[in-house]
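Take a look at the letters that make up each chain.
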Amino acid sequence: ATVNERIGYRSTGHAMQHGVNRPYGALIHYWVGQDPADEASVVIRDASGQVVRSLSGPAEVGLNRVVWDLSMDPPAGMGGRGGVEVLPGGYSVEVTVGENEARASLSVLPDPRVSFTTAEREEKLAAIEEAQGWVGTANGAREALQDALDGIWEAADALDADADEELRRETHEVLLALTAANERIFTGPECQGLCGGDPLAGRVGLPLRYLGSSPGGVTSLDRLTMSQASAVLDQVLDEVNALLSGPVAALRQSYAAAGVNPVPEIGAVRR
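J.: In this structure, what is going on with the sheet that holds strand S8 (residues 100-108)? I would like to understand it.
T.: Sheet strands pair by backbone hydrogen bonding; their relative direction is either parallel or antiparallel. Taken in spatial order, the four strands line up as S5-S4-S7-S8 in an open sheet, and their pairing is antiparallel. Edge positions in the sheet fall to strand S5 (51-57) and S8, since each of these pairs with one other strand and no more. Sheet twist, expressed as the mean angle between neighbouring strand axes with direction ignored, is 20 degrees. Where strand S4 (residues 40-45) lies against strand S7 (residues 89-97), five bridges are found, and the strand directions are antiparallel. Paired with Arg45 across the strands is Ser92, a residue of S7.

Next comes the structure, spelled out in structure tokens:
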């Protein structure tokens, strides 16, 4: 944090106060007695023993510190982002450095400024985790479509100069269809500046904005947004899977019949 005094007769120096804000979350300290070969592994478990967060930290000789921001490990498909903050309660910490291991416990306390029941907190957590799962599934569909595009481009580039014109035409049409679908569903049109449009899959993540805007229970607006996002996810999966099982599969058969480099086989994406 930096605080700057107004310029005036009292400012005999640069008048800047510099400081470091306290990190948010649990400050986990551990001592390393000798130079280890690896980093420290820090594992947080809940009261049932379930791993909620895995971290790595420094392992220098002396006192080391890792900050746990009280969030869980992000779910699959979220690109390392989006871990939900844990509920108040008791947790255990395991720090492993080489063959040495240490354990301790910590308590996550509720925010004293708000009063929500345990049931409301658990309901909100379950809703956020469900919505995150939808985003992860949508990201998986995006990756599948991009894999199909990349595979077809690679197969097309490997075609001989005397390849069948009908195969080239079919390849071109499938690439156009997949590119248009990718822009409409996931990326928006390519452009310079802020003009990403309104890709269909972007609506799948809307519930996370509402759910994460307050610490209370799930509201009627949250439920409506989740219902709409779930329907959009079904539409995204239907359209992507139709492309994979339709034109992409047909093109793969055409390449196989021509005895040339194959188009990759990509399975359907499910919830």
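There's more to say after this.
J.: Would you mind showing me how to read helix H2 (residues 165-187) here?
T.: Given 3.6 residues per helical turn, the α-helix brings residues three or four places apart onto the same face. Helix length check: H2 (23 residues) gives 31 Å between terminal C-alpha atoms against 33 Å at 1.5 Å per residue, within 8%. Leu167, Glu170, Thr171, Val174, Leu175, Leu178, Ala181, Asn182, Ile185 and Phe186 are the residues of H2 that are buried. Buried residues in H2 make contact with helix H1 (118-157) and helix H4 (220-258). The N-terminus of H2 is capped by Asp164, whose side-chain oxygen sits 3.0 Å from the backbone nitrogen of Glu166. Looking one or two places after H2, you find Gly188, whose phi comes out positive at around 75 degrees.

J.: Can you walk me through the pattern of salt bridges in this structure?
T.: Side-chain pairs of opposite charge can arise where the charged atoms are in close proximity. Taken as a whole and assessed by the stated rule, the structure comprises twelve salt bridges. Close ionic contact of Arg169 with Glu166 constitutes a salt bridge, the shortest N to O distance being 2.1 Å. Here Arg169 pairs with Glu166, and both are found in helix H2, just three residues apart, close to one helical turn. According to the relative accessible area criterion, Arg169 is partly exposed, its value standing at 36%. Across the pair Arg271 and Asp234 runs a salt bridge whose closest N-O atoms are separated by 3.0 Å. Separated by 37 residues along the polypeptide, Arg271 in the segment after H4 and Asp234 in helix H4 bring together distant segments of the chain. Owing to a relative accessible area of 35%, Asp234 belongs among the partly exposed residues under this scheme. Among the charged side chains, a network of salt bridges with common partners joins Arg45, Glu94, Glu101 and Arg103.

Reading the values: the criteria
- Residues numbered from 1 in each chain as written.
- Predicted model: local features only at pLDDT ≥ 70, side-chain atom pairs only at ≥ 80, totals over all residues.
- Heavy atoms only, no water.
- Pairing = 2+ DSSP bridges.
- Helix = DSSP H or I, 4+ residues; strand = E, 2+ residues; numbered from the N terminus.
- Axes fitted to C-alpha atoms, helices over the stretch in contact; angles between N-to-C directions.
- Expected span 1.5 Å × (residues − 1).
- Buried < 20%, exposed > 50% of the residue type's maximum accessible area, 1.4 Å probe, protein only.
- Contact = heavy atoms within 4.5 Å.
- Polar contact = N/O pair within 3.5 Å; in protein donor to acceptor, adjacent residues only side chain to side chain.
- Salt bridge = Lys/Arg side-chain N within 4 Å of Asp/Glu carboxyl O.

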